[in-house]
Amino acid sequence: RRSLSAQPFDGIAEGQAVAIGAVRFSLVVPTYNESHNIERIVALLSQQLDAVLPHDYEIIVVDDDSPDGTWRIAQALMSRYPFLRVMRRQAERGLSTAVIRGWQVSRGEVLGVIDGDLQHPPEVLQQLLAAITQGAALAVASRNADGGGVSTWSAMRRFLSRGAQLLGLVLLPDVVSRVSDPMSGYFLVRRSAIAGRSLHPLGYKILLEVLGRGEIEQIAEVGYVFQEREAGESKVTWKQYRDYIYHLLRLRVSLGRLGRVSQKLNFPFIRFARFAFVGLSGLVVDMGLLYLLHSTLGFGLTRSAIVAAELAIINNFVWNDRWTFGDLAQQQQKRHQVIKRFAKFNLICLMGLILKILILNLFFNALHFNPYLSNFLAIVMVTLWNFWINLKLSWRI
Ligand code: GDD
Ligand code: MN
């Protein structure tokens, strides 16, 4: 009855609350190996929420199939706590995606997130809820607001945390300066502020996505002291710092001018720019291999050209699959279909080649354009064709 399955990443739906029986508040608790904390956090959260929103909330634990069986313990708690729902994810990983998946299946008008390791004090929830009731679209628990802080962080961790914030301020001043603690993983947001927007979660910092892509007017902050972990361990590694920087850069590009025009015209310029860039890398591979095979190793020109072209196609496929369309390729249903994507990509590129020769001839023979201009126009048109058809068929947006 309350087992949940994940859907594709198309953002948070607006109206499902009405359909499945509305609740006012949905709180997501992402967990990974929190078997020693899960029971206590659920008990404390329910105690807080029963006091202010009896029968009008749900707690959604999103666990990434923790080896320590956190999901099993959480599922066992469902008989004691009727408002508790548990999602066990087996095909997807990551803190930010967990939060969004939880929100996608949620029914509340107000959405929230809190860590499952008790480092975020549950007492603050009531103040956060009050701030939303008073009109805020977003209520952030902050370590840097009045009454906030960290208990016993090392100088190194404080330095890294402040450095990360500073970097955010430089790259995304309009977004990051709106809150005193942009790294916070403890906040509530009105569903209406993010419904229908596509979110692109990456790494740990889901608040950046919400601030950057949501429609957020009024923001409230509540100070809190980041508690020490008593059980289990932090999952933060250097990868989180890398993801964070990449996330900032990505938001910078898509919230910048190019991103805005791209949205208005409904054409994915940024993706196209990547595709074109990968195409250029393919040209380099093609030329280099032709030189190697023909001039250095002495193979015939046609044979060398065919091998070089095919290897260039493979090169382009790898980069497009990992980078240009990486987000689409990583979607659950598609992850294992690399060969299928490659076959389609290859076929579409070959058709593109034929198309290119046709267009070249059209411009040159029928319209009497200069041959180089004809070739250039053919390349531009075929690149667009390759991009669009591959987007729709090979990576199926
Ligand atoms: N489902 C899921 N999948 N949960 C995860 C994953 C994951 O891949 N990685 C971590 N979590 C859960 C943890 O179990 C915990 O409940 C919460 O996410 C936070 O993870 P920690 O590893 O404990 O993070 P932290 O304490 O270093 O970071 C906290 O502080 C940051 C502020 O500096 C988090 O609250 C961040 O959200 C916050 O931004
Ligand atoms: Mn933690």
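Residues numbered from 1 in each chain as written. Chains lettered and ligands numbered in written order. Predicted model: local features only at pLDDT ≥ 70, side-chain atom pairs only at ≥ 80, totals over all residues.

If you look the protein chain up in an unreviewed UniProt entry, it shows as Dolichol-phosphate mannosyltransferase from Stenomitos frigidus ULC18. Note on the protein chain: under the UniProt heading Sequence similarities (unreviewed entry), the record states "Belongs to the glycosyltransferase 2 family." (UniProt positions renumbered as here; feature names shortened; annotations may be inferred.)

We now examine helix α4 (residues 95-104). Counting buried residues in α4 gives ten out of ten residues, a clear majority hidden from the surface. By the burial criterion, the buried members of α4 are Leu95, Ser96, Thr97, Ala98, Val99, Ile100, Arg101, Gly102, Trp103 and Gln104. Elements that come into contact with the buried residues of α4 comprise β1 (23-31), β2 (57-63), β3 (84-88), β4 (108-113) and α9 (206-213). (Buried ≥ 20, exposed ≤ 12 C-beta atoms within 10 Å, placed from the backbone. Helix = DSSP H or I, 4+ residues; strand = E, 2+ residues; numbered from the N terminus. Contact = placed C-beta atoms within 7 Å.)

Another aspect to go through is the UniProt feature "transmembrane region" (unreviewed entry) in the protein chain. Under the local residue numbering, the UniProt record ascribes the feature "transmembrane region" (unreviewed entry) to residues 272-293, 345-366 and 372-391. Across residues 272-293, helical content stands at 100% and strand content at 0%; the span's end C-alpha atoms are separated by 31 Å. End C-alpha to end C-alpha, residues 372-391 measures 28 Å, and it is 100% helix and 0% strand.

When the UniProt feature table is mapped onto this chain numbering, "domain: Glycosyltransferase 2-like" (unreviewed entry) sits at residues 26-186. Helix and strand shares over residues 26-186 are 40% and 19% respectively, and the end C-alpha atoms of the span are 13 Å apart.

It is worth spelling out the nonpolar core at this point. Ranked by size, the top nonpolar core spans 67 residues in total, and within it Ile59, Leu128, Leu138, Ala139, Phe187, Leu188 and Val189 carry the most contacts. For this core, the leading source of residues is helix α5 (residues 124-133), giving six residues. Setting aside chain neighbours within four positions, we find leucine 138 in contact with Phe187, Val189, Ala193, Val210, Ile216 and Ile219. (Core = buried A, V, L, I, M, F, W, Y, C linked by C-beta atoms within 7 Å.)

Taken together, 23 residues lie around ligand 1, and Pro30, Ala98, Gly116, Gly185 and Lys235 are the ones closest in. Mapped onto the shell around ligand 1, the elements with two or more residues apiece are β1, β2 and α4. The class makeup of the residues in the shell around ligand 1 is eight nonpolar, eight polar and seven charged. (Near = placed C-beta within 6 Å. Nonpolar A, V, L, I, M, F, W, Y, C, P; charged D, E, K, R; others polar.)

Time to look at unusual backbone geometry. Among all residues save glycine, negative phi is the norm, and among peptide bonds the norm is trans. One non-glycine residue, aspartate 65, lies in the positive phi region at around 55 degrees. Of note, aspartate 65 is situated in the loop between β2 and α3 (70-77). A residue is classified by how many C-beta atoms lie within 10 Å of it, and aspartate 65, with 14 of them, is partly exposed. Unusually for a residue other than glycine, leucine 118 sits at a positive phi of about 70 degrees. Residue leucine 118 is classed as buried on the basis of its 21 C-beta neighbours within 10 Å.

Of note, glycine 298 is situated in the loop between α12 (269-296) and α13 (301-324). The spatial distance from the C-alpha of glycine 298 to the C-alpha of alanine 164 is 54 Å, given a sequence separation of 134 residues.

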